[in-house]
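# Descriptive structure summary
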Amino acid sequence: MSAQPVAGQGRIGHWMNLANLATAVAALLVAGVLLIVFQFLSLRNAMVEDVSVQARIISENSVAAVLFHDSRASGETLAVLSASPSIEAAAIFDVNGTVLASYQREDASKVSTPGPGLIEDGHRFGLRHLLLARRVEAEKRGIGHVVLRANLTQLYGRLGAYAGMMLAVAIGSLGIAYLLVSRMRKVIKRAEAHLDYLAHIDSITGLPNRHAFNERLAFALSRVDQHGGSVGLLLLDLDNFKIVNDTLGHHSGDILLKVVARRLLECLRSGDVLCRIGGDEFAVILESVGASDGEGAAERILAALTAPFDVDVHEIYVTASVGISRYPADARDLETLTRNADTAMYQAKGKGKNAYEKFHPELDRRVRNRLSLETNLRKAMERGELLLYYQPQVSLHDGRLVGLEALLRWNHPETGLISPAEFIPVAEDSGMIVPIGRWVLRTACRQVALWREAGLGTINVSVNLSVRQTRDPHLLRDILDALHDNGVSPGQLELEITESVLMDNVKVNVELLERLQTEGIRLSIDDFGTGYSSMAYLKRFPIDQVKIDRTFVRDIPGNGDDEAITSAIIAMAHSLGLSVVAEGVETAAQLDFLRSAGCDVMQGYYFAEPRPAEQVSALLTRRMPLVERSEMP
Ligand SMILES: Nc1nc2c(ncn2[C@@H]2O[C@@H]3COP(=O)(O)O[C@H]4[C@@H](O)[C@H](n5cnc6c(=O)[nH]c(N)nc65)O[C@@H]4COP(=O)(O)O[C@H]3[C@H]2O)c(=O)[nH]1
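Residues numbered from 1 in each chain as written. Predicted model: local features only at pLDDT ≥ 70, side-chain atom pairs only at ≥ 80, totals over all residues. Heavy atoms only, no water.

Under an unreviewed UniProt entry, the name given to the chain is EAL domain-containing protein, and the source organism is Noviherbaspirillum saxi.

Here it is, written out as structure tokens:
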């Protein structure tokens, strides 16, 4: 997909190279020419000086000979020039321009009378010669001339040697510079390639990362725009990766990601693009997909993950939630396509995980509804539309009420009571559960104080804690304040946490629970059996009680598996010194079974549905056992 830009970059790089080379050569040429011109002028000046010195010597030595028109003496004076190889001819003239004596080397022509320009001391350069004249003076009066002609061959020879040396140095420097530059370019190219790799590849799995994913998806969509067809996008989130990471450590988490990536690659087609776009999030781009190809790929992915993964010494089971959306059927741009796949993925998670969901407009409507629910929930807090219902918990040993679970309700002015199952997940996602949870704690403690003040005794209350609340650094202080401000003793408060809350951040949660327990607050594991469900694991947490999820209670007696699980949970919890509460007890048959299995406390519609505080007050006033004594063992 990136072949075209790379080829374009290569051509530009090639032309840039040539341009750089041409610039360097031009600069060297200009510098070379300037240096040669400078050298030429220096050599010329030196030659003029040299020939001038010789002309001066001859003119001084020939004064007497010129005065007396002595040709022989003049000739002898000129004879010394034979020692200067550059002087090829010379002559001494009297004041009338008559030659008194002349000198010339082999093959050289005679020097004629100097022209008007040279009659005074001076020189003139020709292409091959330098002609230089000097007056012969006696008592400051000109009595004749000495004229010397020097050959420029030597000058040109030196200039040629200089230029040759310059050229050799220039070529040598260019060669060295070229070698250095090309080596440097190679190093830079390698570094660029590495940086590009790091920018596009996830270092743990070796898969394209989010950045590369966006590029590849954009490219795939542009291909569809040009040539038709469609693109499928699968977003995949590992359901329980965080637990693995928190419990076994990041090293094991990384290994798990690697092996998951390998298995995903094996189950995809060769043209499909698998990317890791976040901690435990993967994306698959399917090009040229048919209507059902996305579902086919999602099914293969879920099937591929079913076998356990060997990570260090552990055998780990991983499930995933997959969201599918198609371009252009579900979205007209990259952002919407990704958002729709994300919406579908969360829908798959909501279905109970280990599932896939295909995007459809109805999902979008649900997301919008959820958003409006979120806005209204914010207002609900301010308008006082939230209230607490309380559901009795009954001891199976004496049938008396041992506590009340506080359950949140939203009394919407238009739609009436809204179930917490509907709005608690929204409150958790938006973070609103933190102020709402604080309000629940304070209201529950206040209610316990009101019952005490009304002479209804010391009531225990249990309150649900969500994962967001356990991450709130002020949680402990808020709980202690709520207890203290209402004069409720910590032993009257029980906090219910689900297994997934516990596993969210094991180390931090163990510390938090230990501090809560030290304060005297009781801790209970809610919905036990639906999550991690490891009794051995629970030993690590300082808890007092487990609550068997109502899905196990629903089909007992009669369902052998549920009977076995319920009995096993009760037996194991007792062996760890924990008490057991059964949730969702609706029938006498369920009660009988649980009683014979040794369950300690029960909660459910059989005894009482959750109800407003005033109705609970009436129940408390009666002080009657909720289970008739006759039903007790
Ligand atoms: N079918 C059936 N159901 C029974 C029976 N007895 C009790 N229930 C229902 O079971 C749920 C028990 O609460 P939960 O497991 O903590 O589950 C709670 C809890 O997880 C959450 N929730 C409620 N209030 C709060 C709150 O204040 N804070 C937080 N974080 N979560 C809350 O919402 C969930 C649902 O609450 P509710 O709708 O009140 O549903 C309650 C209760 O009304 C029965 O015999 N049969």
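Turning our attention to the overall build of the chain. Along its length, the chain carries 21 helices and 22 strands. For the chain, the residues scored as buried account for 43% of the 633 residues in total. Carbon together with sulfur atoms contributes 55% to the accessible area of the chain, which is approximately 32,500 Å² in total. (Helix = DSSP H or I, 4+ residues; strand = E, 2+ residues; numbered from the N terminus. Buried < 20%, exposed > 50% of the residue type's maximum accessible area, 1.4 Å probe, protein only. Areas by Shrake-Rupley, 256 points an atom, 1.4 Å probe, with all protein chains shown as cover.)

The next point concerns the pairing of strand S7 (residues 273-276). Residues Val 273 and Cys 275 of S7 are buried on one face, and the alternating residues Leu 274 and Arg 276, pointing to the opposite face, are buried as well. For S7 and strand S8 (residues 281-287), the ladder comprises 4 bridges, and the chain directions are antiparallel. Pairing of Arg 276 across the sheet is with Phe 282, part of S8. As consecutive antiparallel partners, S7 and S8 are separated by 4 residues. (Pairing = 2+ DSSP bridges.)

A separate point is the sheet that holds S8. If you trace the 5 strands from one edge of the open sheet to the other, you get S7-S8-S6-S11-S12, paired in mixed fashion. Both outer strands of the open sheet, S7 and strand S12 (355-358), are each paired with one neighbouring strand and no more. The sheet shows a mean angle of 20 degrees between the axes of neighbouring strands, taken without regard to direction. Where strand S6 (residues 231-238) meets S8, 7 bridges bridge the pair, whose relative direction is antiparallel. Among the inter-strand pairings, Leu 235 is bridged to a residue of S8, identified as Ala 283. Across the sheet, helix H9 (residues 334-350) touches S6, S8, strand S11 (320-327) and S12, and the angle it forms with S11 is around 150 degrees. (Axes fitted to C-alpha atoms, helices over the stretch in contact; angles between N-to-C directions. Contact = heavy atoms within 4.5 Å.)

A few words now on the UniProt feature "transmembrane region" (unreviewed entry) in the chain. Taken from the UniProt record, the annotation "transmembrane region" (unreviewed entry) applies to residues 21-41 and 159-181. Counted over residues 21-41, helix gives 100% and strand 0%. Its end C-alpha atoms are 30 Å apart. (UniProt positions renumbered as here; feature names shortened; annotations may be inferred.)

So, about the side chain of Asp 544. Mapped onto the elements, Asp 544 comes out in the loop between helix H17 (535-538) and strand S19 (545-548). The buried charged residue Asp 544 lacks any salt bridge, with Arg 522 as its nearest oppositely charged partner at 4.8 Å. Within the local environment of Asp 544, its side chain forms a polar contact with the backbone nitrogen of Leu 523, the two atoms lying 2.7 Å apart. Non-local contacts of Asp 544, meaning those with residues more than four positions away in its chain, are made with Gln 517, Ile 521, Arg 522, Leu 523, Leu 578 and Ser 579. (Lys, Arg positive; Asp, Glu negative; His and termini not counted. Salt bridge = Lys/Arg side-chain N within 4 Å of Asp/Glu carboxyl O. Polar contact = N/O pair within 3.5 Å; in protein donor to acceptor, adjacent residues only side chain to side chain.)

Taken together, 22 residues form the shell around the ligand, and within it Arg 409, Asp 526, Arg 550, Glu 586 and Tyr 605 come nearest. Contact distances for the ligand include 3.3 Å between an oxygen atom and a side-chain N or O atom of Asp 527. Protein chains shield 85% of the accessible area of the ligand, which is 790 Å² for the free molecule. Where the shell around the ligand is concerned, the elements lending two or more residues are strand S14 (401-412), helix H11 (420-430) and strand S18 (522-528). Counting residues per element, the shell around the ligand draws most heavily on S14, at 4 residues. Its residues assigned to classes, the shell around the ligand comprises 8 nonpolar, 6 polar and 8 charged. (Near = heavy atom within 4 Å. Nonpolar A, V, L, I, M, F, W, Y, C, P; charged D, E, K, R; others polar.)

What follows is about the sheet that holds strand S3 (residues 122-125). For sheets, the rule is that strands pair by backbone hydrogen bonds, running either parallel or antiparallel. Sheet architecture is open: 5 strands sit in the order S2-S1-S5-S4-S3, paired in antiparallel fashion. In this open sheet, the two strands that pair with only one neighbour each are strand S2 (99-104) and S3. Between one strand and the next, the sheet's axes are offset by a mean angle of 10 degrees, whatever the strand orientation. The sheet contact formed by strand S1 (residues 87-94) and S2 spans 5 bridges and is antiparallel. Bridge pairing in S2 links Ile 92 to Ala 101. Of the strands in this sheet, S1 and S2 touch helix H3 (residues 71-79), which is tilted by about 30 degrees from S2.

Over its 21 residues, helix H12 (residues 433-453) runs 29 Å from end to end, which matches the ideal 30 Å to within 8%, given 1.5 Å per residue. For H12, every residue scored as buried is listed here: Ile 433, Val 434, Ile 436, Gly 437, Val 440, Leu 441, Ala 444, Cys 445, Gln 447, Val 448, Ala 449 and Trp 451. Immediately beyond the C-terminal end of H12, within one or two residues, lies Gly 455, with a positive phi of roughly 75 degrees. (Expected span 1.5 Å × (residues − 1).)

This part covers the nonpolar core. Proteins that are soluble and globular tend to have nonpolar side chains buried together. Counting 77 residues, the largest nonpolar core has Tyr 390 and Leu 495 as its most contacted members. Leu 207, Leu 238, Val 260 and Leu 286 belong to the second largest nonpolar core, which has 32 residues in total. (Core = buried A, V, L, I, M, F, W, Y, C linked by side-chain atoms within 4.5 Å.)

By the definition in use, this model includes 1 cavity of 30 Å³ or more. Each pocket or cavity is described by its volume, and for the largest cavity that value is around 50 Å³. What lines the largest cavity is Val 434, Gly 437, Arg 438, Leu 441, Gln 469, Asp 472, Leu 475 and Asp 478. Among the secondary structure elements, those contributing two or more residues to the lining of the largest cavity are H12 and helix H14 (475-485). At 4 residues, the largest contribution of residues to the lining of the largest cavity is made by H12. (1 Å grid on protein atoms, 1.4 Å probe; cavity = no way out; pocket = protein on both sides within 12 Å on 5 of 7 lines; lining within 4 Å. Points joined across faces, edges and corners; volume = space filled by probe spheres on them.)

Taken as a whole, this structure holds 4 aromatic pairs when the rule is applied. Taken together, a centroid distance of 6.5 Å and an interplanar angle of 5 degrees make the contact between Phe 40 and Tyr 156 stacked. Highlighted residues: Phe 40 in helix H1 (residues 3-61) and Tyr 156 in helix H4 (residues 153-200), separated in sequence by 116 residues. Under the relative-accessibility criterion, Tyr 156 is labelled partly exposed at 36%. Between Tyr 606 and Phe 607, the aromatic rings sit 5.4 Å apart at their centres with planes inclined by 80 degrees, giving edge-to-face as the arrangement. Note on Tyr 606: relative accessible area 31%, which makes it partly exposed. Sitting over the face of the ring of Phe 125, Arg 44 holds its NZ or CZ atom 4.0 Å from the ring centroid. (Phe/Tyr/Trp six-rings, centres within 6.5 Å; stacked < 30°, edge-to-face > 60°. Lys NZ or Arg CZ within 6 Å of the ring centre and 35° of its normal.)

Another point: the environment of Val 461. Here Val 461 is to be found in strand S16 (residues 461-464). If sequence neighbours within four positions are ignored, Val 461 has contacts with Tyr 390, Leu 404, Ala 406, Ala 444, Val 448, Gln 492, Leu 493 and Glu 494.

Before going further, it helps to examine the packing of H9 against helix H10 (residues 361-383). For the pair H9 and H10, the least separation of the axes is 10 Å and the interaxial angle reads 80 degrees. In terms of orientation, H9 lies roughly perpendicular with respect to H10. Seen from H9, the contacting residues are Asn 340, Thr 343, Ala 344 and Gln 347; seen from H10, they are Leu 363, Asp 364, Arg 366 and Val 367. Taken together, the residues that form the contact of H9 with H10 break down as 3 nonpolar, 3 polar and 2 charged. (Parallel < 35°, antiparallel > 145°, perpendicular 65-115°, else oblique.)

Attention now goes to the pattern of salt bridges. Any two side chains of opposite charge can pair, given that their charged atoms come close. With the rule as written, the count across this model stands at 24 salt bridges. The closest approach of N and O atoms between Glu 137 and Arg 135, which form a salt bridge, is 2.8 Å. Taking the relative accessible area as the measure of exposure, Glu 137 reaches 38% and is therefore partly exposed. Since its relative accessible area comes to 25%, Arg 135 is described here as partly exposed. Arg 276 is the salt-bridge partner of Asp 202, the closest N and O atoms lying 2.9 Å from each other. One end of the pair, Asp 202, is in the loop between H4 and helix H5 (210-227); the other, Arg 276, is in strand S7, and 74 residues separate them in sequence.

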